[in-house]
Amino acid sequence: DTEVTQTPKHLVMGMTNKKSLKCEQHMGHRAMYWYKQKAKKPPELMFVYSYEKLSINESVPSRFSPECPNSSLLNLHLHALQPEDSALYLCASSQTGDTQYFGPGTRLTVL
Amino acid sequence: AQSVTQLDSQVPVFEEAPVELRCNYSSSVSVYLFWYVQYPNQGLQLLLKYLSGSTLVKGINGFEAEFNKSQTSFHLRKPSVHISDTAEYFCAVSGGNDYKLSFGAGTTVTVRA
């Protein structure tokens, strides 16, 4: 089973709202990732958690705040976003640093 | 650091015809190579991967790819495409256990009847 789940599937929020994206995997993977993908572009890495610790932050603005409550869950907390933050947000996981398995994504629209 | 170049941004192809998507990479270390497919409004699905061993890799949905170290290429092929293969295809490379996956710009495959 190589399934990564993400909720919600779609999210519309205003610039003053606070919302969270959730990601879950039950493959026993030790690394989890957040990516941002704009239309017709490849995914861009935002954060990497390894063994529940933040190991990579690709200079992401502080209005995005990741959290890894346990080895199966990954959250992305959103606050005071801008319209240009509208995108598909993808979660991925991997056992080590090689093969990453992606979830279906959350389509975020910021009004 | 690694980088990937997908040589074709768009590939139109007729149903039941063969297709080849070209991918070249650059890296100063040994690499792991991947092809992912993204159907409209979906996430990325792993088609196949090369980590080591045989240079001819077979994946899902009838796709295969060949790792060529001397030409630093990892081209994806399918002998006969279906309408359902219409999607965006991404080639990606990683340097091993560094957690960073470098993607190519993507190739849009459109299959016509």
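Going by the structure above, here's the rest.
Quantities reported herein were computed from a predicted structural model and do not represent experimental measurements.

1. A few points about the overall build of chain A
Okay, so step 1: When helices and strands are tallied, chain A shows 0 helices and 11 strands.
Okay, so step 2: The helix and strand sequence of chain A, counted from the amino end, reads β-β-β-β-β-β-β-β-β-β-β.
Okay, so step 3: For a compact globule of 111 residues, the expected C-alpha radius of gyration is about 13 Å, and chain A comes in at 13 Å, within 12% of that figure.
Okay, so step 4: Its C-alpha atoms put chain A at 35 × 25 × 20 Å along the principal axes.
Okay, so step 5: By the burial criterion, 50% of the 111 residues in chain A qualify as buried.
Okay, so step 6: Partitioning the contacts of chain A with sequence separation of at least 6, the portion at a separation of at least 24 is 53%.
Okay, so step 7: When the accessible surface of chain A is totalled, it reaches about 5300 Å², and 51% of it is carbon and sulfur.
Okay, so step 8: On chain A, the mean spot of the 12 positive side-chain charges and the mean spot of the 10 negative ones are 8 Å from each other.

2. Comments concerning the side chain of Asp98 of chain A
Okay, so step 1: By secondary structure assignment, the location of Asp98 of chain A is in the loop between strand 9 (87–94) and strand 10 (101–102).
Okay, so step 2: Here Asp98 of chain A is buried and forms no salt bridge, its nearest opposite-charge partner Lys49 of chain B lying at an N-O distance of 5.4 Å.
Okay, so step 3: Side-chain polar atoms of Asp98 of chain A contact the side chain of Thr99 of chain A, separated by 3.2 Å.

3. Some words on the nonpolar core
Okay, so step 1: Core analysis: the largest hydrophobic core is formed by 43 residues, its most contacted members being Trp34, Tyr35, Phe64, Leu76 and Leu78 of chain A together with Tyr36 and Phe103 of chain B.
Okay, so step 2: Per-element accounting of this core gives the leading share, 6 residues, to strand 9 of chain A.
Okay, so step 3: Contacts of Leu76 of chain A, omitting those with residues within four sequence positions, involve Lys19, Ser20, Leu21, Trp34, Met46, Phe47, Phe64, Ser65, Pro66 and Tyr89 of chain A.
Okay, so step 4: Core analysis: the second largest hydrophobic core is formed by 28 residues, Cys23, Tyr25, Ala65 and Phe74 of chain B among them.

4. Concerning the sheet that holds strand 1 (residues 4–7) of chain A
Residue and element names in this part refer to chain A.
Okay, so step 1: Strand order in the open sheet formed by 4 strands is 1-3-8-7, and the pairing between neighbours is antiparallel. Strand pairing shows two members of the sheet lacking a second neighbour, strand 1 and strand 7 (64–70), which therefore form its edges. Looking at each pair of strands side by side, their axes are set apart by 20° on average, direction ignored.
Okay, so step 2: By the bridge criterion, 4 bridges tie strand 1 to strand 3 (residues 18–25) in an arrangement that is antiparallel. Its bridge partner being in strand 3, Thr7 is matched across the sheet by Lys22.

5. Considering the side chain of Glu88 of chain B
Okay, so step 1: Within the element layout of this structure, Glu88 of chain B appears in strand 10 (residues 87–94).
Okay, so step 2: For the buried Glu88 of chain B, which has no salt bridge, the nearest side chain bearing the opposite charge is Lys40 of chain A, at an N-O separation of 5.1 Å.
Okay, so step 3: The residues touching Glu88 of chain B, leaving out its near neighbours within four places in the chain, are Tyr36, Val37, Gln38, Ala105, Gly106, Thr107 and Thr108 of chain B.

Reading the values: the criteria
- Residues numbered from 1 in each chain as written.
- Chains lettered and ligands numbered in written order.
- Predicted model: local features only at pLDDT ≥ 70, side-chain atom pairs only at ≥ 80, totals over all residues.
- Heavy atoms only, no water.
- Helix = DSSP H or I, 4+ residues; strand = E, 2+ residues; numbered from the N terminus.
- Rg over C-alpha atoms; globule rule 2.2 N^0.38 Å.
- Buried < 20%, exposed > 50% of the residue type's maximum accessible area, 1.4 Å probe, protein only.
- Contact = heavy atoms within 4.5 Å.
- Areas by Shrake-Rupley, 256 points an atom, 1.4 Å probe, with all protein chains shown as cover.
- Lys, Arg positive; Asp, Glu negative; His and termini not counted.
- Charge placed at Lys NZ, Arg CZ, Asp CG, Glu CD.
- Salt bridge = Lys/Arg side-chain N within 4 Å of Asp/Glu carboxyl O.
- Polar contact = N/O pair within 3.5 Å; in protein donor to acceptor, adjacent residues only side chain to side chain.
- Core = buried A, V, L, I, M, F, W, Y, C linked by side-chain atoms within 4.5 Å.
- Pairing = 2+ DSSP bridges.
- Axes fitted to C-alpha atoms, helices over the stretch in contact; angles between N-to-C directions.

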